[in-house]
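Structure assessment
Read off the chains here:
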Amino acid sequence: MRPIGLMLAAALVASVSAAALVASGPAAAAWQEYPTKELGFVVEFPATPAMSRANYRTVLVPNGATAHLYTVKEENTVYVATVVDLPDRKEEGATLLGEAEYNLTLLGDLCGQSVSRVEPGRDAVFGRFLTVTCRAGRQGGQPGQVEGAVAWFKQITGFDCPTGARLTSNIFHNRGRLYLISGINLPTGDNNFGPAALRFTNSISFYRADGTRNPADNVQ
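Residues numbered from 1 in each chain as written. Predicted model: local features only at pLDDT ≥ 70, side-chain atom pairs only at ≥ 80, totals over all residues. Heavy atoms only, no water.

1. With respect to the state of the cysteines
Each disulfide consists of one covalent bond between the sulfur atoms belonging to two cysteines. One pass over the structure, following the stated rule, counts one disulfide. Here Cys 134 is linked by a disulfide to Cys 161, with a sulfur-sulfur distance of 2.0 Å. Judged by the torsion about the S-S bond (85°), the Cys 134/Cys 161 disulfide is right-handed. Within this pair, whereas Cys 134 is found in strand β8 (residues 125-134), its partner Cys 161 is found in the loop between α4 (145-157) and β9 (166-174), the two being separated by 27 residues in sequence. On the accessibility criterion, Cys 134 (1% relative accessible area) is buried. Cys 111 carries a free sulfur, and the closest cysteine sulfur to it, the one in Cys 134, is 9.2 Å from it. (Disulfide = S-S within 2.5 Å. Helix = DSSP H or I, 4+ residues; strand = E, 2+ residues; numbered from the N terminus. Buried < 20%, exposed > 50% of the residue type's maximum accessible area, 1.4 Å probe, protein only.)

See the structure below:
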């Protein structure tokens, strides 16, 4: 994993360190990079993801935009990489990223929010890292905003975030695309959330504009 979720990610890693030791065994070897050069990014999945498309529609994108979905569902965890094509909105990255961030906070109780960074030096791409405990009946925002955010999340991931689930999302806007890398720890009887969702959200890296990758990405 190369990307750097800052203070929040460090705290989360510490909280699951014991589970991470278990995950470092043979099962962890199944994780692989899935480069998607045409969309400018790479992410790690524990299995080959299913690919589909959806329509990304929000208040700021009323006419919709094509969203590319890459998904893997395990028994207790869901992994979704969503990439939205917004080539005519390259100068509006901060606003579009802020809208996505706000929608995620409406899904439940915000547990953590921090700056995230992928790639070192001049290749750096900055985004936002969020952790949300999903909860039905969340109150807040203007009338209809919570319901709209729930429908938006289902549309761009293909999944609900049920009450009690823990959602971690690493989100970026880079060269006319919005990236939402989301891991959902589904609620279980003992609420024993493992580290895999965090690993997934922190596994994103980007291609440079010329189609190459930064040497720090340790291409295998």
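2. Considerations on α4
Compared with an ideal rise of 1.5 Å per residue, which puts 13 residues at 18 Å, α4 spans 18 Å between its outermost C-alpha atoms and is within 8% of the ideal. Listed in full, the buried residues belonging to α4 are Val 146, Ala 149, Trp 152, Phe 153, Ile 156 and Thr 157. With its buried residues spanning 120° around the axis, α4 presents them on a single face. Tucked inside the fold, the buried residues of α4 contact β4 (50-56), β5 (65-73), β6 (77-85), α3 (93-105), β9 and β10 (177-185). Once α4 finishes, Gly 158 follows within two positions and takes phi at roughly 85°, a positive value. (Expected span 1.5 Å × (residues − 1). Arc of directions from axis to C-beta. Contact = heavy atoms within 4.5 Å.)

3. Digging into the pattern of salt bridges
Overall, the coordinates contain nine salt bridges when judged by the stated rule. Between Asp 217 and Arg 213 there is a salt bridge, with the nearest N and O atoms lying 3.8 Å from each other. Both residues of the pair, Asp 217 and Arg 213, count as buried. Overlapping salt bridges bring together Glu 33, Arg 213 and Asp 217 as one network. (Salt bridge = Lys/Arg side-chain N within 4 Å of Asp/Glu carboxyl O.)

4. Focus on the sheet that holds strand β3 (residues 41-45)
Backbone hydrogen bonds hold the strands of a sheet together, and the pairing may be parallel or antiparallel. Taken in spatial order, the three strands of this open sheet run β2-β3-β11, and their pairing is antiparallel. Looking at the sheet topology across the chains shown, the edges are occupied by β2 (32-36) and β11 (205-206). Pairing between β2 and β3: five bridges, direction antiparallel. Across the sheet, Pro 35 pairs through a bridge with Val 42, a residue of β3. (Pairing = 2+ DSSP bridges.)

5. Section: the confidence of the model for the protein
Scored by pLDDT, the protein has a mean of 86; 84% of the residues are at 70 or more. Every residue in residues 3-27 is under pLDDT 50, and counting partners more than four places away or in other chains gives 33 contacts. (pLDDT = per-residue confidence, 0-100.)

6. Focus on the environment of Leu 106
Residue position: Leu 106 is located in the loop between α3 and β7 (108-118). Relative accessible area serves as the criterion here: at 2%, Leu 106 is assigned to the buried category. Once residues lying within four places of it in the same chain are set aside, the contact partners of Leu 106 are Arg 138, Gln 145, Val 146 and Ala 149.

7. Some points on the nonpolar core
In this structure, Tyr 56, Leu 167 and Ile 184 are the most contacted members of the largest nonpolar core, which totals 33 residues. Listed by contribution, the elements that provide at least two residues to this core are β4, β5, β6, α3, β8, α4, β9 and β10. (Core = buried A, V, L, I, M, F, W, Y, C linked by side-chain atoms within 4.5 Å.)

8. Focus on the pairing of β8
Across the ten residues of β8, seven count as buried, placing the element largely inside the fold. Note that β7 and β8 share ten bridges and pair antiparallel. Paired with Gln 113 across the strands is Leu 130, a residue of β8. Taking the residues between adjacent antiparallel strands as the criterion, β7 and β8 are bridged by six residues, where Glu 119 takes a positive phi near 75°. Pairing geometry for β8 and β9, over six bridges, is antiparallel. Looking at the pairing, Thr 131 lines up with Thr 168 of β9.

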